[in-house]
Amino acid sequence: MLYLTILLGGVFFAGMAMTINEGLWNNTVLLFCIILGGLFAMLGGVPRGLYIIDPAGVSNETAWPCVFAVVWGVFVVSVTIMRVLFEKSSRTRVKFVPPLEKAAGPLMGLFVAVMFTSFAAYTMERIPINAGEWEMSEAADWQKTAFTYARAPFHNVVKRFAEPEGVQTEFFPKS
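Residues numbered from 1 in each chain as written. Predicted model: local features only at pLDDT ≥ 70, side-chain atom pairs only at ≥ 80, totals over all residues. Heavy atoms only, no water.

Draft legend 1. Here's a closer look at helix H1 (residues 2–19). When the terminal C-alpha atoms of H1 are compared, their 26 Å separation across 18 residues agrees well with the 26 Å that a helix rising 1.5 Å per residue should span. When H1 is considered as a whole, its buried residues turn out to be Leu 4, Thr 5, Leu 8, Val 11, Gly 15, Met 16 and Thr 19. Looking straight down H1, one finds that the buried residues subtend no more than 125° of arc, so they occupy a single side. Residues of H1 that are exposed and angled more than 90 degrees away from the buried face: Tyr 3, Ile 6, Phe 13 and Met 18. (Helix = DSSP H or I, 4+ residues; strand = E, 2+ residues; numbered from the N terminus. Expected span 1.5 Å × (residues − 1). Buried < 20%, exposed > 50% of the residue type's maximum accessible area, 1.4 Å probe, protein only. Arc of directions from axis to C-beta.)

Right, here's the structure in full:
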């Protein structure tokens, strides 16, 4: 779990570094794409991954890599398609007042980094950890806390979307 926590820190740092100079408009569009792409990935990618492995009769212990890859594949494809569609539909970039752009651009970049890190933590918790690949009980308290806080933003998005629709969000329930 220590390495997963360090990985999440690296993902956050990379996300922040890649978005700090992108500006308010690009970061806002990217945040929208990450949230929607994450919802598509979790609510559409997991059933597709299970559909792929279902005919083979693979157990949960060996099925999680396939489901994990499909979820991240759906995420990457959906975010890429949305970004291309947004760029093609609006060739003119929205311009903001320079002080607002300088303050809100990096702040929105922070939100993008938080949401992307949260999606990564959420997928790790929902797929390999719930499948029993990594034991959360063996982690130190600070690692459990860091992991819980890291996955919380995306967990709240999925929960608020899935509950009213009656969508099952436990894909690999612990036995």
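Next comes the rest of the account.
Draft legend 2. Expanded view of the packing of H1 against helix H5 (residues 141–165). Running from N to C, H1 and H5 cross one another at 40°; their axes reach a closest spacing of 10 Å. When the axes of H1 and H5 are compared, the pair comes out oblique. In the packing of H1 onto H5, the handedness of the crossing is left-handed. Seen from H1, the contacting residues are Leu 2, Leu 4, Thr 5 and Leu 8; seen from H5, they are Trp 142, Gln 143, Ala 146, Phe 147 and Ala 150. Tallied by class, residues from the contact of H1 with H5 come to 7 nonpolar, 2 polar and no charged. (Axes fitted to C-alpha atoms, helices over the stretch in contact; angles between N-to-C directions. Parallel < 35°, antiparallel > 145°, perpendicular 65-115°, else oblique. Left-handed = near helix turned anticlockwise from the far one by under 90°. Contact = heavy atoms within 4.5 Å. Nonpolar A, V, L, I, M, F, W, Y, C, P; charged D, E, K, R; others polar.)

Draft legend 3. Focus on H5. Between its first and last C-alpha, H5 extends 34 Å over 25 residues, near the 36 Å set by a 1.5 Å rise per residue. The largest bend in H5 is about 45°, located at Ala 152, with the proline Pro 153 one to four residues further on. The complete set of buried residues in H5 reads Gln 143, Phe 147, Ala 150, Arg 151, Phe 154, Val 158 and Ala 162. Contacts from the buried residues of H5 go to H1, helix H2 (24–53) and helix H4 (98–129). Phi for Gly 166, located one or two positions after H5, is positive at around 75°. (Bend = angle between axes of the 7 residues up to and from the residue.)

Scope: geometric values only; no functional claims are made or implied.
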